[in-house]
Amino acid sequence: MSQQKTAYRSAIIQIIADPKEVDIEEAYRYFEDGLLVVENGYIVDVGDYIETLAKHNGDMAMVNYQDKIITAGFIDTHIHYPQTGMIASYGEQLLDWLENYTFPEEERFKDPEYAKKVAKIFLNELASNGTTTALVFGTVHKQSVDMFFQEAQRRNLRMICGKVLMDRNAPDYLTDTPECGYNDSKELIEKWHNNGRLSYAVTPRFAPTSTPEQLAMVGQLLQEYPSVYMHTHLSENKQEIEWVKSLFPDREGYLDVYDHYGLLHQRSVFAHGVHLSDCECQRLSDTGSAIAFCPTSNLFLGSGLFDLTRIENFGIRVGMGTDVGAGTSFSLMQTMSEAYKIMQLQQQKLHPIKSLYQATLGGAKALYLDNKIGSLEVGKEADFVVLEPNATTLMKFRMQQTKTLEEKLFVLMSLGDDRTVHATYVYGDLAYKNE
Ligand code: GUN
Ligand code: ZN
């Protein structure tokens, strides 16, 4: 960790509130010539360049990013690191996609060397896309999680991960049992949860691949370790929903399966939630659970259109997920660009400030980490990204026609991807530079 106080001069966008709760102008501050001051991994000051510089007595290193834009690091609230190698697999919707592509690739993670290799590739991708925190699926193999956390710790990252629990409706080579799933999860929690910047998520894959006995064990783990996360999938695909109803005929619906076993609480994150009833939405809201909205995945697998406004009107926390490998990009900018189109198809607008909020502070709130990360606020951990608004010839040309920050940001989020990430900083240290 860098000990020396360092100041970064750049345009700075500081998101301060959810645009759904305040007027757009109140949701952010923009410093066209700004200064971000970082020390010992934390943000110690942020503001206008001249004013902020005057408050410090000059004994700090200066880094000049004057033609760039600094924002908080992006937060991905749902992604599968073991699916890095099968992103962009052709032709199927959820259940066949899992069987034909996903499960065979996940089997390879029984080999810790392969897991380690993919963890490195995956974390490099996150860094080059400006993502500094993610909620991550491992595989059923506990070593997959060990390898992931080892590599994340080496890089000082704030990361959340968990071993997949799956004891039925999956190939034998990928299933555990309620008992060994419980024991392995417990061992991993003891080893990694709250170990530095790492946290553990108990991770049943989804209701169809767990027996009632296994889901009961998940509930027990959450009772024993109330501060761990619970991470799973919910109501992504219509066939999946019918399958859940047939597997759990005594339950009222998909969410009620999880609810029955005590899996809904603060720090429960459900990926997708594309097809939820009003009652299910109300229950998610009442329990402080969160949904990960995964636009590129929902389009790629033909799952459906997520209605962000409706979900937010219930007061549910929503973060953004790339859901790689069903999602088609590691970039939260590409993810927001697809979210915009999903909203368009429902006659709604997604404002660029709201997009930036969703990719940063909104994700932090969904994960209950907004006291630590998600915005460029004094006292928070210094995870930030330096964006290059003129990354391509087209972007440079288009940027010349923009008049307002909001317009510029919209172009950036619509056309941007890893080419638009100039540098990524993790806990105050340079983690990636686009050279
Ligand atoms: N539902 C159960 N497993 C998965 C998965 O790996 N990806 C997606 N998108 N949905 C799932
Ligand atoms: Zn997923």
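Residues numbered from 1 in each chain as written. Chains lettered and ligands numbered in written order. Predicted model: local features only at pLDDT ≥ 70, side-chain atom pairs only at ≥ 80, totals over all residues. Heavy atoms only, no water.

Here is the rule: UniProt positions are given in the numbering used here, feature names are shortened, and annotations may be inferred rather than shown by experiment.
As annotated in an unreviewed UniProt entry, the chain carries the name Guanine deaminase and is attributed to Vibrio casei. A UniProt comment under Function (unreviewed entry) is attached to the chain, and it reads "Catalyzes the hydrolytic deamination of guanine, producing xanthine and ammonia." According to UniProt, the comment filed for the chain under the heading Pathway (unreviewed entry) is "Purine metabolism; guanine degradation; xanthine from guanine: step 1/1."

Describing the overall build of the chain
The line we're drawing: Under the scheme used here, helices are H or I runs from DSSP no shorter than 4 residues and strands are E runs no shorter than 2 residues, and both carry numbers assigned from the N terminus. Just to be clear, the radius of gyration here is over C-alpha atoms, and the globule rule we use is 2.2 Å times residues to the power 0.38. Buried means the residue's accessible area, taken with a 1.4 Å probe over protein chains only, is under 20% of the maximum for its type, while exposed means over 50%, and partly exposed covers the values in between. The contact criterion used throughout is that any non-hydrogen atoms of two residues lie within 4.5 Å. Calculation of accessible area relied on Shrake-Rupley with a 1.4 Å probe; when residues are assessed, cover is drawn exclusively from the protein chains displayed.
Secondary structure assignment for the chain yields 16 helices and 16 strands. Compactness check: the chain gives a C-alpha radius of gyration of 21 Å against a globular reference of 22 Å for 435 residues, within 12% of the reference. In terms of overall dimensions, the chain has C-alpha extents of about 65 × 45 × 40 Å along its principal axes. For the chain, the residues scored as buried account for 61% of the 435 residues in total. Taking contacts inside the chain between residues at least 6 apart in sequence as the whole, the part at least 24 apart equals 75%. A total accessible area of about 16,500 Å² is found for the chain, and carbon and sulfur atoms account for 47% of it.

Brief notes about the side chain of Glu240
Our working definition: Charged-residue counts in this description rest on Lys and Arg as positive and Asp and Glu as negative, His and the chain ends being excluded. A pairing counts as a salt bridge when a side-chain nitrogen of Lys or Arg comes within 4 Å of a carboxyl oxygen of Asp or Glu. Two N or O atoms form a polar contact when they lie within 3.5 Å of each other; inside protein one atom must be a possible hydrogen donor and the other a possible acceptor, and for residues adjacent in sequence the pair counts only when both atoms belong to side chains.
Here Glu240 lies in helix 7 (residues 238-247). Of the side chains with opposite charge, Arg205 lies nearest to the buried Glu240, which makes no salt bridge, at 9.3 Å. A distance of 2.8 Å separates a polar side-chain atom of Glu240 from the backbone nitrogen of Glu236. Leave out the neighbours within four places in its chain, and Glu240 touches Leu94, Leu95, Phe206, Ser235 and Tyr254.

Quick notes on the packing of helix 13 (residues 352-359) against helix 16 (residues 405-415)
The description of two helices packed together rests on the angle between their axes and the distance between the axes. Note the threshold: Between N-to-C directions, angles span 0 to 180 degrees; the directions come from axes that are lines fitted to C-alpha atoms, helices contributing only their stretch in contact. Note on angle classes: values under 35 degrees are labelled roughly parallel, values over 145 roughly antiparallel, values of 65 to 115 roughly perpendicular, and the remainder oblique. Helix crossings get a hand from a simple test, with the near helix turned counterclockwise from the far one by less than a right angle marking a left-handed crossing and a clockwise turn marking a right-handed one. Residue polarity is assigned by list, with Asp, Glu, Lys and Arg as charged and Ala, Val, Leu, Ile, Met, Phe, Trp, Tyr, Cys and Pro as nonpolar; anything else, Gly included, falls into the polar class.
Between helix 13 and helix 16, the shortest axis-to-axis distance is 8 Å and the interhelical angle comes to 55°. On the basis of the axis angle, helix 13 is oblique to helix 16. Between helix 13 and helix 16 lies a crossing whose hand is left-handed. Contact with helix 13, carried on its side by Pro352, Ile353, Ser355 and Leu356, involves Glu406, Leu409, Phe410 and Met413 of helix 16 and no other residues of that element. Looking at the contact of helix 13 with helix 16, its residues break down into six nonpolar, one polar and one charged.

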